[in-house]
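If you want the building blocks of each chain, they are given just below.
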Amino acid sequence: MKMSKDLMVKLYKNMVRVRALEEKIIECLFAGKIATFYHSGAGQEAPGVALGALLNDDDYLYYQHRSHGINKCVPKGVDPKLIIAEHFGRATGGAGGIAGFHYAKPELGIFGFAGLVAGEITLATGAAIACQMNGRGQVTVSCFGDGATGRGTVHESMLMASAWKLPIIFFCENNMMAQWTHIKLTHPRKEDLSEFAHYYGMPSATVDGQDVIAVYEAVKPAIERARAGEGPSFLEIKTLRYAGHVEGLPDYSVEHQGGMRTPEEVEEMKKRDPIALYQEVLLKKNVATAEEITKMNEEAKAEMEEAMRFAEGSPWPARPDFDKLLYAE
Amino acid sequence: MREILYNAALNEAMHEEMSRDDKVYYIGEECAEDTWGTSTGLFEKFGKARVKNTAISEAAILGSSVGAAMAGYRPIVNLMFADFYVCGADEVLNKAAKWRFANGGKVTIPLVVRAPIGGYSGLGPDHSQCLESLFMRTPGLKIAIPATPYDAKGLLKSAIRDNNPVIFLEHKNLMGTTGPVPEEEYTVPFGVADIKRAGTDVTVFATGYMVKLMLDVSRHLQEEKGISTEIVDPRTLEPLDMETVIASVKKTKHLVIVDEDTKRCGVGAEIAMQVMENAFDYLDAPVKRVQAENYPIAACSMEKYILPQPQEMADAVMEVLGRSDRLDLTGKVKTASMV
């Protein structure tokens, strides 16, 4: 697939922006500046970045808990300041400080995510119903992990989407770990999760999620198919999670339960780091020089440093009119 | 004024609101020809795009409706039986009810969940429940519970126009009852109670099918014992018009609460407590509750041991008034139960 230099650079910038924002949030968490939790998505920056580059402002995106959607919402256009300020619980956050790790940006088709894994997939299916009824070629992407496929909501949604040819992409980021439990213990067939799609009669693909170009190339036809009214697709993006389930707790998947993954395996994963792999592509294809790459890395860090200062300098929320938050006029 | 059936009133509300606003659509299992006769002509008029018959997938039905509501539509879900909501409980309690609040008020969820409630049909523990106390303790939901065809139509139209999730508790045993319904356009506002029977001796708080039974019981109390009951039907439990309830209690000095849902932690407990907090000094006797006993609802003839019975309603009224005589209702007020 031919890609413009601008697009290739944008993908890189977004990957390093995503990682820099996550690292900044984790730094603030351990510095005691953040009073909510964080689920690191380090190692799986590529899928959401590729996705973000293919969505329009009026397409709907339902993110999930891993990386608190940073890896998808920042590429779709959400200002990192809103995200970090929400984690700081400040009035300037994406939900006014009431949600902590959730935030909504309705103007960009983003409506938060569910505290219960796989909880937002049915909502995404409803957004796809709206897209279909609007008839303007909008699409919805429902993001979830391998763990979510254990819940009925995924399957009810896929059945409904398939029966009604809804314009939705089921975007499954398979990092093989559901919290601290390896998929091999819960999915006995041990085959690709994209196999689920066959039963629901929708096209599917299994993609290397460490390769941002490969993800981009797989998502593009699925989105085009949905925009053309041809129905849903299922994409399994095989990716890697470096961290434990949640920051601040040991990675039980390494240290306990018989060691579902060894520390060596986790270190091995980092050799397939999506940012490092993509740097090689950019250099090899003469899209960017080493100096330009370093500059982009520094710009991303500076942007997130500034976003943190914005959050720290923002006011705490006053007690709002809770009735107005609870019920609309 | 013409008289029409309760289910026909619901059907009229659906036709009128779906014609009025093309963002309204109807979704559910068998909703193209629903079990309670409320969907007549909808599929023919609005087609499959707006009358969406689904697989048996309550979580997807409820969750997709929340998602479509946030994206600008006004779905009306029909659950067929209120009991079935449990298969989409997360979608109702965590999504519909909380999503606006949890996202800082940035979204609106105009959604109606029509949930046919109630016993007296011998259908057993998972096709007979009312569940209003469960929804009532969940901030973020509105709850309508119409007792007459007039209220059914007017409240459903208000529910569809409301910008919030509304749990619409329509009673299965009221579907075949008739009542006056104007041909002209009207709505019934939320949060405004209706005095279904004016009286002076005892206030009876009643909702849904209990209003119908209590009207029959009240007639006998008046005719045979000279007791004048005032039946206050709140029509919506959230928002709840306690002002009208309190005003009535201050007038009659006595309160009986009749509610079909389970007694423990039920609607009656909440109403009684609010009366304690706001009108205790006006009461001449302790409040009495007539509600379903704290058991699952039994099937066939055994449901009568658990669901509120007209005789218990009459006894409760006599007791709060300190009367030692009894009104025997044997054979006089029948529930819908066949045995």
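The rules behind the values
Residues numbered from 1 in each chain as written. Chains lettered and ligands numbered in written order. Predicted model: local features only at pLDDT ≥ 70, side-chain atom pairs only at ≥ 80, totals over all residues. Heavy atoms only, no water. Patch = residues over 30% accessible without salt bridge, like charges linked within 9 Å, V, L, I, M, F, W, Y side chains within 5 Å. Areas by Shrake-Rupley, 256 points an atom, 1.4 Å probe, with all protein chains shown as cover. Salt bridge = Lys/Arg side-chain N within 4 Å of Asp/Glu carboxyl O. Helix = DSSP H or I, 4+ residues; strand = E, 2+ residues; numbered from the N terminus. Pairing = 2+ DSSP bridges. Axes fitted to C-alpha atoms, helices over the stretch in contact; angles between N-to-C directions. Contact = heavy atoms within 4.5 Å. Buried area = accessible area lost by both parts, 1.4 Å probe. Polar contact = N/O pair within 3.5 Å; in protein donor to acceptor, adjacent residues only side chain to side chain. Nonpolar A, V, L, I, M, F, W, Y, C, P; charged D, E, K, R; others polar. Core = buried A, V, L, I, M, F, W, Y, C linked by side-chain atoms within 4.5 Å. Buried < 20%, exposed > 50% of the residue type's maximum accessible area, 1.4 Å probe, protein only. Domains from an automatic or database assignment.

**Some remarks on a nonpolar patch on the surface**
Part 1 of the argument: Together, Met273, Met276 and Phe280 of chain B make up a nonpolar patch on the protein surface, roughly 310 Å² of accessible area in all.
Part 2 of the argument: Topologically, Met276 of chain B is positioned in helix H10 (residues 267–279).

**Here we look at the sheet that holds strand S6 (residues 142–144) of chain B**
Within a beta sheet, neighbouring strands are joined by backbone hydrogen bonds and run either parallel or antiparallel to one another.
Residue and element names in this part refer to chain B.
Part 1 of the argument: On the basis of which strands lie adjacent, the open sheet formed by seven strands has the order S3-S2-S4-S5-S7-S6-S12 and mixed pairing. Looking at which strands have only one partner, the edges of the open sheet turn out to be strand S3 (51–53) and strand S12 (236–238). Sheet twist, expressed as the average angle between the axes of neighbouring strands with direction ignored, equals 20°.
Part 2 of the argument: Pairing analysis gives seven bridges linking strand S5 (residues 111–117) to strand S7 (residues 165–171), with the strands arranged parallel. Within the sheet, the bridge partner assigned to Ile117 lies in S7 and is His171.

**Observations regarding the interface of chain A and chain B**
Part 1 of the argument: In this assembly, 40 residues from chain A lie in contact with 44 residues from chain B.
Part 2 of the argument: Between chain A and chain B lies a buried interface of about 3200 Å² when both sides are counted; carbon and sulfur atoms form 65% of it.
Part 3 of the argument: For the interface between chain A and chain B, the tally reads zero salt bridges.
Part 4 of the argument: One can count 13 residue pairs in polar contact (both at pLDDT 80 or more) joining chain A with chain B.
Part 5 of the argument: Here the side of chain A that touches chain B takes nine residues from helix H5 (residues 121–134) of chain A, the largest share from any one element.
Part 6 of the argument: Per-class residue counts for the side of chain A that touches chain B are 25 nonpolar, 10 polar and five charged.

**With respect to the nonpolar core**
Part 1 of the argument: Phe170 of chain A together with Met70, Phe135 and Val275 of chain B are the most contacted members of the largest nonpolar core, which totals 78 residues.
Part 2 of the argument: Broken down by element, the residue count for this core peaks at eight residues, all from H5 of chain A.
Part 3 of the argument: Residue contributions to this core reach at least three from each of two domains, namely domain 1 (3–180) and domain 2 (194–320) of chain B.
Part 4 of the argument: Apart from residues no more than four positions distant in its own chain, Phe135 of chain B is found in contact with Tyr85, Val92, Leu141, Ile143, Ile167 and Leu169 of chain B.
Part 5 of the argument: Counting residues in hydrophobic clusters, the runner-up holds 69 residues, among them Met3, Ala20, Val74 and Ile169 of chain A.

**Some points on the sheet that holds strand S10 (residues 202–206) of chain B**
Residue and element names in this part refer to chain B.
Part 1 of the argument: The mixed open sheet is built from five strands, whose spatial order is S9-S11-S10-S13-S14. With one partner strand each, in any of the chains shown, strand S9 (194–197) and strand S14 (288–292) form the two edges of the open sheet. Strand-to-strand twist in this sheet, taken as the mean axis angle between neighbours without regard to direction, amounts to 25°.
Part 2 of the argument: In terms of strand pairing, S10 meets strand S13 (residues 255–262) through four bridges, oriented parallel. Paired with Ala206 across the strands is Val258, a residue of S13.

**Thoughts on the domain arrangement of chain B**
Residues and elements named next belong to chain B.
Part 1 of the argument: For chain B, the assigned domains are domain 1 (3–180) and domain 2 (194–320).
Part 2 of the argument: Placing a centre on the C-alpha atoms of domain 1 and another on those of domain 2 gives a separation of 26 Å.
Part 3 of the argument: With 29 residues of domain 1 at the contact, the number on the domain 2 side is 31 residues.
Part 4 of the argument: In total, about 2200 Å² of surface goes out of reach between domain 1 and domain 2, with carbon and sulfur atoms giving 64% of it.
Part 5 of the argument: When residues of domain 1 are sorted by the area they lose upon contact with domain 2, Tyr120, Met136 and Ile145 head the list and together hold 31% of the total.
Part 6 of the argument: At the boundary of domain 1 with domain 2, the tally comes to two salt bridges.

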